[in-house]
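Notes for the structure review
Each chain is listed here by its residues.
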Amino acid sequence: MRKPGIISTLEEKIKTLEAENAALRKAARATAKKSGLQPQNGTASVKVPAEMEPLFRKAEENVRQYFSDFKWDPSKAAIEINDERYVLIRASALSKDFLDSILNLYADRGEAEAFSIGRNFLFDISHALGLNDAKAFHAKMNLHTPLSKLSAGPVHFAYTGWAYVDILPESNPSPDENFCLFYHHPFSFEADAWIRAGVKSKSPVCIMNGGYSSGWCEESFGVPLTAVEVSCRAQGHSQCTFVMSPPHRIEEHIQQFAKTHRKRHIKKSPAEIPTFFLRKTVEEQMEKARLLAEESSRAKSDFVANMSHELRTPLSAILGYTDLLKKTKLDNMQHDYLAAIYTSGSNLLSTINDIMDLSKLDARKISFESVPIHLPDLLQSIELMLASRLGHKKLQYISSVDKALNQPLLGDSVRLTQILLNIIGNAIKFTEKGKITVRCEIEQQNPQGVQVLFRISDTGIGIAADKQEVIFERFTQADSAITRKYGGTGLGLAITRELVELQGGSITLKSEEKKGTEFSVRLPFLKAEAPVEGRRQPIASIKGNGLHVLVVEDNVLNQKMTRIMLLHNGFRVSVADNGLKALAFLKKNKVDLILMDLQIPGMDGYLTTGKIRKGLQLSTPIIAITAHAFSGEREKCIAAGMNDYLPKPFREHELMQAIANCRQQRLIDLSFLREQTHNNISFIREMMRTFLKQTPKDLAALQKALARKDGEAVYKIAHTLRTSVGFFGLQQYIGEDLLYMEKHRDSEENRFLHVQAVCEEAMEELRQLKPSALSSTS
C-alpha cells in the first residue's frame, strides 16, 4: 500500500515539469514569432507562396501529430517517434568535421578534388535517406498525391532539425521534366556548423540538405531530381539558396535563376552535380570500356598498318613494272593483258587507300590543309583524269564553273579532288549512256569567304528512294546485284560524306530509278589573296643527267623497279639493302640523293637517317619511301631529318615529282641547245651572253609598246622573245603569255609582269652559272 505523502510529492513534481514544458514551448513560439518566420497562429515550420499555404498548413498538422508521439528511453538507447526509431547525430559531424577528415585523408589529390569526393559521398547518402524517409512517411501518413507528399517534406525537414525551408514563388512543382523548385534554407545545420566554428568555406557546404530534399521530392513526384546550392551562408552569402530540377535541366534553371536574381550575385558557372555511387559505377564501366576500346583501336591500327605494308610492297612492284612494260613494244593481246593487270592493281590500291582513310577517320587523324586553290583549274584536271573512262563509255561530259569563282580560295585540293572523284567516278560507273554534268557555283558569300555548291548529275541507273540514305553507310551499296555487276567496296560515299562534314559542309542527293542521280555538295572556303594574274606554276620535271642516287631498299623487286625508273630518267643508281650497308657506302661515296625505305631490316630508315645526319654529318636530300600511309607519317619523317615522303606504290612520274620537289629546281634548261649544237659549249656560252644582253632591251621595248598601244610592235617583240626564251627552256612558264600577246597584240599588265619576272629570274641563274658547270648542267 502506497504512502499518501509519496503520491502527493510525485504529483507536485509532474505539475512542475508540465509547467516548465509549457513555458519552454511558449518561449520557442515567441522566438519563432519574433523571427518573422511564423504567422500569428504559431504553427508554421515552412514558408511557401500564398497559393500553396493551405496544403502546407494541412501538412503541418499531420507532421505535428506524427511527432507528438515521442518516446525516449536512454536505458535502451531508443528514441522513437510514432513507433519509428530515430538517431541523434551531432550536426557538425556530418558537415564540417566530416569534410575536414576527407580533406586530410585525400590531401594528396589536392583540396578541390578531395572536397569533391566528400561532397559526392554526403550527397548520395543523404539523397538515399531522403528517398527512403519519404517512402516510409508517405505510407504511414497515407499520402497519395505528389503535392501532399511534397508538402510533408519541408515540415518533416524542420521537425528533424535539418533546415527551415522557404520555397520561392517562381517554383513549379510538377510531376514531369518541367519540375523546378527554388528555395532557401535559412537555418541549415551544415552552414551553421561552419559559422559556429568561425570558418568561411570556399564552396557551398549544405550538401546533405540538397541531397535529402531532392531525394524526398524525387520519391514524391516520381521523376529523377537533383539539387544544387547556388549560394551559402558558410561562404558569407545572405542565404543558403538551392535550385532543384531534373539533372538534364539543372544548368538551364541555374542560368535563369541567376538572371532574375542578379542582386544576390548568383554565379552562372557550371553546376557540379554530385552522384557518388552511380558515378563510381559508371566511371568503372567507362574505364573498362575505354581500355577495351583503346586495346581494340591499337590492334586495329596495327593490323591495318601491317596489312597496308604487306599489300603495298608487292603492289608497288606490280604497278611499277606494269608502267615500265607499257613503254616497251607490245602486240595487241599483250596490251590487253597488261591493261587488265594495271586495272586490277589500281582497284586493289584504291581499296587499300579507302581502308586507310577509314582508319584515319576513326582515329580522328584526318587533317586538312588550307592552301590557295583555283577551282576552274582543279575541275579541269579532274576532267583530264577521267577522260579515258568517259571516252571508253562514250559519255558526254559537261562542266561549268561560276565566273565569280575565278579567284583563289583556301582549301585542301587533295581532299576536294578525292571527294569529287568519288562522286563523279560513281556517276561514270553507273551510267551506260547519256551524260555527266558537273556544275560549280557560289551559293553564299561574304567578304571573308564563300559557300560553294557542287552539283554532279548523271543519266544512270538511279537509286531507289528507300536505299538513298543507306548508300552513305560503310561497306554498303544500294543492291547486292550492283556489287556483283559493278564491283566496289561500298566505302567511297561513306568516306566522302565524312570528309565533307569534317570540313563543315554537307552532301545530299536526289535520284530516280532508271532516270539518274544528282549529288549536291556544299563546302565553305575562305578567300585567299589574289595572285598575279596569268602566273603559271612551273611544271615539276627533272632530268637525271648523271646525278647519283642511293636506293636503300631490301625488297629485290622494288630495288629493280626503282633502279629502272631512275636509269630511264638519266640517273646513276647504287643500292643498299639495309641501313648498315647504306652507311658504309656513304662513308666512301658521294651521292646527290637518297631514297630511304623505312622498313629495312636491322636498323630501320629512321635510325639510319639519324646516323647519316648526326654521325656522317651529311645534308644529302633524303626521300622516305614506305608502304605505311598513316596520317602523321610525313611529319614524323621530316622530324627525323628527311626531306620528303613518298608512299608506296608510286608511279614513275610520282617519283620524279618527289625528286624535283626535293632538289632546288632551276628555271633554265639547256637541253635543247645541247641537243641542237651537239653540246658545243662555246656556242652555248655565246647564246647565253646574247640572251643576257638582248632580253632586258626586248622587255623594255615591249613595255613601251604596250603602253603606247602599238599592236604591231607588241606582236614583233613578243614573237622574238618567244623564240629566244625557247632556247633556254622557259617556254613552259611564259610561252602561253607571249603567244597571247602575239595573237591579241596587247596584254594585261599582270601578264607582262609575269613574263618580266620569269626572264629576270632566268637571267640571274645564267649569271650565276659557272663555266665549269656547263659540262654537267642541263
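Look a little higher up for the structure.
Before going into details, it helps to say that this report is about the structure given with it.

Conventions used here
Residues numbered from 1 in each chain as written. Predicted model: local features only at pLDDT ≥ 70, side-chain atom pairs only at ≥ 80, totals over all residues. Heavy atoms only, no water. Helix = DSSP H or I, 4+ residues; strand = E, 2+ residues; numbered from the N terminus. Axes fitted to C-alpha atoms, helices over the stretch in contact; angles between N-to-C directions. Parallel < 35°, antiparallel > 145°, perpendicular 65-115°, else oblique. Left-handed = near helix turned anticlockwise from the far one by under 90°. Contact = heavy atoms within 4.5 Å. Salt bridge = Lys/Arg side-chain N within 4 Å of Asp/Glu carboxyl O. Buried < 20%, exposed > 50% of the residue type's maximum accessible area, 1.4 Å probe, protein only. Phe/Tyr/Trp six-rings, centres within 6.5 Å; stacked < 30°, edge-to-face > 60°. Pairing = 2+ DSSP bridges. Core = buried A, V, L, I, M, F, W, Y, C linked by side-chain atoms within 4.5 Å. Patch = residues over 30% accessible without salt bridge, like charges linked within 9 Å, V, L, I, M, F, W, Y side chains within 5 Å. Areas by Shrake-Rupley, 256 points an atom, 1.4 Å probe, with all protein chains shown as cover.

Take the environment of Leu616 next. Mapped onto the elements of the fold, Leu616 is located in the loop between α17 (605–615) and β19 (622–626). Along the sequence, Leu616 and Lys587 sit 29 residues apart, while their C-alpha atoms lie 7.3 Å from each other.

Another point: the packing of helix α2 (residues 53–68) against helix α5 (residues 146–159). Where α2 contacts α5, the two axes come as close as 8 Å, and the packing angle between them is 55 degrees. By the angle between their directions, the pair α2 and α5 is classed as oblique. As for the relative orientation of α2 and α5, their crossing is right-handed in sense. Of α5, the residues touching α2 (which contributes Leu55, Phe56, Ala59, Glu60, Val63, Arg64 and Phe67) are Leu147, Ser148, Ser151, Ala152, Pro154, Val155, His156 and Tyr159.

Our focus in this paragraph is the pattern of salt bridges. Here the idea is simple: oppositely charged side chains can pair when their charged atoms come close. Per the counting criterion, the structure on display carries 24 salt bridges. Ionic pairing is found between Glu443 and Arg522, a salt bridge with its closest N-O pair at 2.8 Å. With Glu443 in strand β12 (residues 435–445) and Arg522 in strand β15 (residues 516–527), the pair connects residues that are 79 residues apart, well separated along the chain. On the basis of relative accessible area, Glu443 is assigned to the partly exposed category, the value being 31%. Since its relative accessible area comes to 25%, Arg522 is described here as partly exposed. With a shortest N-O distance of 3.5 Å, Glu512 and Lys515 are connected by a salt bridge.

The next subject is unusual backbone geometry. Residue Gln617 is not a glycine yet carries a positive backbone phi of 55 degrees. If you trace the backbone, Gln617 turns up in the loop between α17 and β19. Not every positive phi belongs to a glycine, and Arg745 is a case in point at roughly 55 degrees. Along the chain, Arg745 falls in the loop between α23 (731–744) and α24 (749–768). Residue classification places Arg745 among the partly exposed residues on the basis of a relative accessible area of 36%.

What follows concerns the packing of aromatic side chains. Applying the stated criterion across every chain, the model contains 16 aromatic pairs. Ring geometry for Phe98 and Phe121: centres 5.8 Å apart, planes at 20 degrees, overall stacked. Here Phe98 is found in helix α3 (residues 96–105), whereas its partner Phe121 is found in helix α4 (residues 111–141), with 23 residues between them in sequence. Look at Phe691 and Phe728: their rings are 4.6 Å apart centre to centre, the planes differ by 45 degrees, and that puts the pair in the tilted class. Of this pair, Phe691 sits in helix α21 (residues 681–708) while Phe728 sits in the loop between α22 (711–726) and α23, and the two are 37 residues apart along the sequence. Across the pair, Phe728 and Phe691 agree in class, each one buried. Through a chain of ring-to-ring contacts, three or more aromatic side chains come together here, namely Tyr66, Phe67, Tyr86, Phe137, Phe157, Tyr159, Trp162, Phe189, Tyr212 and Trp216.

Structurally, the position occupied by Ser457 is in strand β13 (residues 449–458). The residues contacting Ser457, other than those within four sequence positions of it, are Lys435, Ile436, Thr437, Thr517 and Glu518.

Here we take up the environment of Leu502. Residue placement: Leu502 occurs in helix α14 (residues 492–502). A sequence separation of 134 residues divides Leu502 from Phe368, and the C-alpha atoms of the two residues are 9.1 Å apart.

We now examine the sheet that holds strand β4 (residues 84–86). The pairing of strands in a sheet comes from backbone hydrogen bonds and takes either a parallel or an antiparallel form. Judged by pairing direction, the sheet is antiparallel, and its three strands sit side by side in the order β2-β3-β4 without closing on themselves. The two strands at the open ends of the sheet, each matched to only one other strand, are β2 (70–73) and β4. Within this sheet the neighbouring strands show an average axis-to-axis angle of 30 degrees, counted without direction. Both strand β3 (residues 78–81) and β4 contribute to a ladder of three bridges, which runs antiparallel. Looking at the pairing, Ile79 lines up with Tyr86 of β4. This element, α2, spans β2, β3 and β4 of the sheet and lies at about 80 degrees to β4.

Counting 47 residues, the largest nonpolar core has Phe137, Tyr183 and Met244 as its most contacted members. Of all the secondary-structure elements, those providing two or more residues to this core are α2, α4, α5, β5 (165–167), β6 (181–184), α6 (189–197), α7 (207–221) and β8 (241–245). With 38 residues, the next largest nonpolar core counts Leu409, Ile436, Cys440 and Phe525 among its residues.

This next bit is on a nonpolar patch on the surface. A grouping of Phe121, Ile125 and Leu129 is seen on the molecular surface, where their side chains present a nonpolar patch of about 210 Å² in accessible area. Relative to the helices and strands, Ile125 is located in helix α4.

Here the focus is the pairing of β8. Of all five residues making up β8, five are buried, and the element is well covered by its neighbours. Here β8 shows no split at all, with Thr241, Val243 and Ser245 on one side and Phe242 and Met244 on the other all buried. Inspection of the sheet shows β6 paired to β8 by four bridges, in the antiparallel sense. The residue of β8 that forms the bridge with Tyr183 is Phe242. Where strand β7 (residues 226–231) meets β8, five bridges bridge the pair, whose relative direction is antiparallel. Looking at the pairing, Thr226 lines up with Ser245 of β8.

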